[in-house]
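Coordinate inspection notes
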Amino acid sequence: SKLRAPLIMKVKGFLLQGCNFDGGKLTEPDPNMSEFMLLPTVYLAWVEAENADIYPENAKANIPVYLSGARDKMLCKLDLPNSGTQNDRIIQGVALLLSEEE
């Protein structure tokens with residue numbers, strides 16, 4: 001991992017909505033995919049602002065994380081590796097969810 005931080009959290013169970021994930025980055029949605037995709041284990045860390053850009057600007061997307069599929073409670077935003085543009089992911093309504101329930 002490129003991430004260097006004093007505390008790194010291992011998180012399981014994020015659901016991705018709006019695009020695909022190829023194991024390393026966000027990709028274009030597949031028309032045959034289900035609405036929600038269970039992501040593999042994700043590693044998160046708080047990093048100092050001057051060290052925050054671990055992904056190149058043209059290879060990341062800032063994705064909102066919601067408590068549920070209702071999308072009424074945004075918890076935070078996370079930078080994820082991305083094969084498209086930030087605008088692609090905004091138009092597709094990409095989000096991470098902790099639960100698919102409304």
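The notes below deal with the structure included here.

Calculation notes
- Each residue is numbered by its place in its chain's sequence as written, counting from 1.
- Note on the predicted model: pLDDT of at least 70 is required for a residue's local features to be given, and 80 or more for side-chain atom pairs to be given and counted; whole-chain, interface and lining totals, by contrast, use all residues.
- Hydrogens and water molecules were not included; the side-chain quantities draw on all heavy atoms of the structure.
- Strands are runs of DSSP state E lasting at least 2 residues, helices are runs of H or I lasting at least 4, and numbering of each runs from the N terminus.
- Three labels apply to residues, based on accessible area from a 1.4 Å probe with only protein chains included: buried if under 20% of the type maximum, exposed if over 50%, partly exposed otherwise in between.
- Residues are treated as being in contact if the distance between any of their heavy atoms lies within 4.5 Å.
- To measure how exposed things are, a 1.4 Å probe is used in the Shrake-Rupley method; for residues, cover is taken only from the protein chains shown.
- In this tally, Lys and Arg are treated as positive and Asp and Glu as negative; His is ignored, and so are the chain termini.
- Working definition for charges: the position is that of NZ of Lys, CZ of Arg, CG of Asp or CD of Glu.
- The rule for a salt bridge is simple: a side-chain nitrogen of Lys or Arg has to be within 4 Å of a carboxyl oxygen of Asp or Glu.
- For this analysis, a nonpolar core means a set of buried residues of the types Ala, Val, Leu, Ile, Met, Phe, Trp, Tyr and Cys, connected via side-chain atoms within 4.5 Å.

**Focus on the overall build of the chain**
What the chain contains, in helices and strands, is one helix and nine strands. Mapped from its N terminus to its C terminus, the chain presents α and β elements in the order β-β-β-β-β-β-β-β-α-β. Burial statistics for the chain: of 102 residues in total, 30% are counted as buried. Within the chain, contacts between residues separated by at least 24 positions form 63% of all contacts whose residues are at least 6 apart in sequence. As presented, the chain carries roughly 6700 Å² of accessible surface, and 54% of it is formed by carbon and sulfur atoms. In the chain, 10 positive and 14 negative side-chain charges are present, and the distance between their average locations comes to 6 Å.

**As for the pattern of salt bridges**
In this structure the tally under the stated criterion is three salt bridges. Lys25 is the partner of Asp22 in a salt bridge, and the nearest nitrogen-oxygen pair spans 2.9 Å. Overall, the relative accessible area of 33% leaves Lys25 in the partly exposed class. Residues Glu28 and Arg89 are paired through a salt bridge, measuring 3.3 Å at the closest nitrogen-oxygen approach. Here Glu28, found in the loop between β4 (26-27) and β5 (36-38), pairs with Arg89, found in helix α1 (residues 86-91); they are 61 residues apart in sequence, far enough to count as distant. Among the residues examined, Arg89 registers a relative accessible area of 1% and is labelled buried.

**Looking at the nonpolar core**
Phe14, Leu16, Leu26, Leu39, Ile63, Leu78 and Leu96 are the most contacted members of the largest nonpolar core, which totals 15 residues. Only β6 (42-45), β7 (60-66) and β8 (74-81) provide two or more residues apiece to this core. A total of three residues in this core trace back to one element, the largest contributor, which is β7. The contacts of Leu16, once residues within four sequence positions are left out, are Phe21, Leu26, Glu35, Phe36, Met37, Leu39, Val94, Ala95 and Leu96. Grouped together as the second largest cluster of nonpolar side chains are five residues, Leu15, Tyr66, Ala95 and Leu97 included.

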